[in-house]
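Reading the structure
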Amino acid sequence: MPVIPALWEAKAGGLLESRSLRPAWTASMLIPFSMKNCFQLLCNHQVPAAGFKQTVKNGLILQSVSNDVYQNLAVEDWIHDHMNLEGKPVLFFWRNSPSVVIGRHQNPWQECNLNLMREEGIKLARRRSGGGTVYHDMGNINLTFFTTKKKYDRMENLKLILRALNAVQPQLDVQATKRFDLLLDGQFKISGTASKIGRTTAYHHCTLLCSTDGTFLSSLLKSPYQGIRSNATASIPSLVKNLLEKDPTLTCEVLMNAVATEYAAYHQIDHHIHLINPTDETLFPGINSKAKELQTWEWIYGKTPKFSINTSFHVLYEQSHLEIKVFLDIKNGRIEICNIEAPDHWLPLEIRDKLNSSLIGSKFCPTETTMLTNILLRTCPQDHKLHSKWNILCEKIKGIM
Ligand SMILES: Nc1ncnc2c1ncn2[C@@H]1O[C@H](COP(=O)(O)OC(=O)CCCC[C@@H]2CCSS2)[C@@H](O)[C@H]1O
């Protein structure tokens, strides 16, 4: 949703923006709201601000002004950890700039094309919920339904989305599956689901494909890496379709408003969508450190379940192809066992052994490997031929990371 900058700037003076669903933006839609009251609204054990009592009593609809996947995932963490959702469910809308989001127990090398993502500047995020890998861009809406653990009901939430879709376009044939996907015309996935259940609270989040770049989606979610063995959760690929392809009036804006209207009706709450800024520490104390943690290498790659790689590649040497075999064990994203086997006549044994032992303990990542192999190369004899073989080998190894 476009945020009118002037209105958003006004928030710095203590306004929580709010939007009525039907009419366009007007200054009167801003709900005056002090930062302190805002925190009270969101936090546990706090008394809501007087002017907000009714909304707070039965539920709340939020939308992020950020398109940063880590900041938005941090909002989910924050609400999950700090809000008292008893009798006050929350629906949170968010959209991201191009990102691939893997499930809590997944292996990114198995799920996506990391080289392509680096080239294209696509972010990789690991979420706290389980399940498979999805692609997000501004044409994909994410919806998070927060409730108490007792009230957690994925099918109920999906039915609510179906009612919203039916309200804006009664001709649509969309059904929920046993896996909690939403299928268009019986075969095209338009929504995928995942969830996190805590001690007392839970959330169900799902996507809704409106106008996502489908070509990009499928090329990014194709792993080029061979020979990976692991027990990580595997994604379940489907044919996907955008709702906008079916009906050009179904923009993200229209879809979010329709779901908000349905949610408000169901929970008998005010249908305002409150815009929130996920970097606002007055509203969400401690949120920036949550976002930071979600961006660390240790979380994104380091949490990958232990896996092994058994692969090989070919290098051209004196008009023939030589096979180089690679066996790796990777734990917490770091190389635990390393066996790179190149023929002795191509690469001296001691150099190969040096490479194997220096990679042990290092991150399975091209940047760290470049650093290590550059250092190692300086200790090698000044031999032009050897250096060029070394460079070829290192580029090949980095290609599998
Ligand atoms: N954005 C989006 N929406 C729907 N389906 C998608 C999307 N991106 C990819 N896919 C398809 O789903 C499969 C993976 O299906 P699979 O069933 O394995 O996984 C999921 O659906 C997970 C949904 C997670 C939703 C969260 C909500 C907020 S943060 S992410 C993938 O291979 C594609 O074929």
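A short tour of the structure in this document, coming up. Keep in mind the model is a prediction, meaning the values are calculated, not measured.

1. Here we look at the site of the ligand
In the neighbourhood of the ligand, 25 residues make up the surrounding shell, with Tyr 135, Arg 179, Lys 189, Thr 207 and Ile 236 lying closest. Gly 132 is positioned such that a nitrogen or oxygen atom in its backbone is 3.3 Å from an oxygen atom of the ligand. Residue Arg 179 places a side-chain N or O atom 2.9 Å away from an oxygen atom belonging to the ligand. Bound to the protein, the ligand loses 97% of the 740 Å² it would expose on its own. Breaking the shell around the ligand down by element, the ones donating at least two residues are β8 (134-136), β9 (140-148), β13 (193-197) and β14 (201-209). With four residues, the top contributor of residues to the shell around the ligand is β14. Of the residues belonging to the shell around the ligand, the class tally is 11 nonpolar, 11 polar and three charged.

2. A word on the sheet that holds strand β10 (residues 174-176)
Here we have three strands laid out as an open sheet, ordered β10-β11-β12, and antiparallel in their pairing. The open sheet has two edge strands with one neighbour each: β10 and β12 (188-191). Recorded for the sheet is a direction-independent mean angle of 35° between the axes of neighbouring strands. Bridge count for β10 against strand β11 (residues 182-184) is three bridges, and the pairing is antiparallel. In the strand pairing of β11, Gln 175 is matched with Leu 183.

3. Points about the sheet that holds strand β6 (residues 99-102)
Strand-to-strand pairing in sheets goes through backbone hydrogen bonds, with the strands running parallel or antiparallel. Ordered by their spatial adjacency, three strands build an open sheet running β7-β6-β8, and the pairing between neighbours is mixed. The open sheet terminates on both sides in strands that have one partner only, identified here as β7 (123-126) and β8. Each neighbouring strand pair of the sheet contributes to a mean axis angle of 25°, computed without reference to strand direction. Pairing between β6 and β7: four bridges, direction parallel. Directly across from Val 100, in β7, lies its bridge partner Leu 124.

4. Quick look at the packing of helix α4 (residues 69-82) against helix α11 (residues 287-294)
Put simply, α4 and α11 touch, their axes get as near as 8 Å, and they point 125° apart. Accordingly, the angle class assigned to the pair α4 and α11 is oblique. Between α4 and α11 the crossing geometry is right-handed. Here Tyr 70, Gln 71, Leu 73, Ala 74, Val 75, Asp 77, Trp 78, Asp 81 and His 82 of α4 come into contact with α11, specifically with Ile 287, Lys 290, Ala 291 and Leu 294. Taken together, the residues of the contact of α4 with α11 sort by class into eight nonpolar, two polar and three charged.

5. A word on α11
Within the sequence span of α11, burial applies to Ile 287, Lys 290, Ala 291 and Leu 294. Projection of α11 onto a plane perpendicular to its axis shows the buried side chains occupying an angular sector of 95°, all on one side.

Rules of the game
- Here, residues in each chain are numbered from 1, in the same order as that chain's written sequence.
- Where totals are concerned, whole chains, interfaces and linings use all residues; where local detail is concerned, this predicted model gives features only for residues with pLDDT of at least 70, and gives and counts side-chain atom pairs only at 80 or more.
- Calculated side-chain values reflect all of the structure's heavy atoms, with hydrogen atoms and water omitted.
- Whether a residue is near a molecule or strand depends on its heavy atoms: it is near if one of them lies within 4 Å of it.
- Polar contacts here mean pairs of N or O atoms no more than 3.5 Å apart (in protein, one a potential hydrogen donor and the other a potential acceptor; neighbouring residues in sequence count only if both atoms are side-chain atoms).
- Surface accessibility in these figures is a Shrake-Rupley result with a 1.4 Å probe; residues are shielded only by whichever protein chains are displayed.
- Each helix corresponds to a stretch of at least 4 residues labelled H or I by DSSP, and each strand to a stretch of at least 2 residues labelled E; elements are numbered beginning at the N terminus.
- Residues are sorted three ways: Asp, Glu, Lys and Arg are charged, Ala, Val, Leu, Ile, Met, Phe, Trp, Tyr, Cys and Pro are nonpolar, and all the rest, Gly among them, are polar.
- Note on pairing: two strands pair once DSSP finds at least 2 bridges between them.
- Fitted lines through C-alpha atoms give the axes, limited to the stretch in contact for helices. The angle between two N-to-C directions lies from 0 to 180 degrees.
- Each angle is binned into one of four classes, with values under 35 degrees roughly parallel, values over 145 roughly antiparallel, values of 65 to 115 roughly perpendicular, and all other values oblique.
- Each crossing is labelled by how the near helix is turned from the far one, with a counterclockwise turn of less than a right angle marking it left-handed and a clockwise turn marking it right-handed.
- Here a residue-residue contact requires only that any non-hydrogen atoms of the pair lie within 4.5 Å.
- In this scheme, a residue with accessible area under 20% of its type's maximum is buried, one over 50% is exposed, and one in between is partly exposed, where area comes from a 1.4 Å probe on protein chains only.
- Here, the arc refers to the directions that run from the helix axis to the C-beta atoms.

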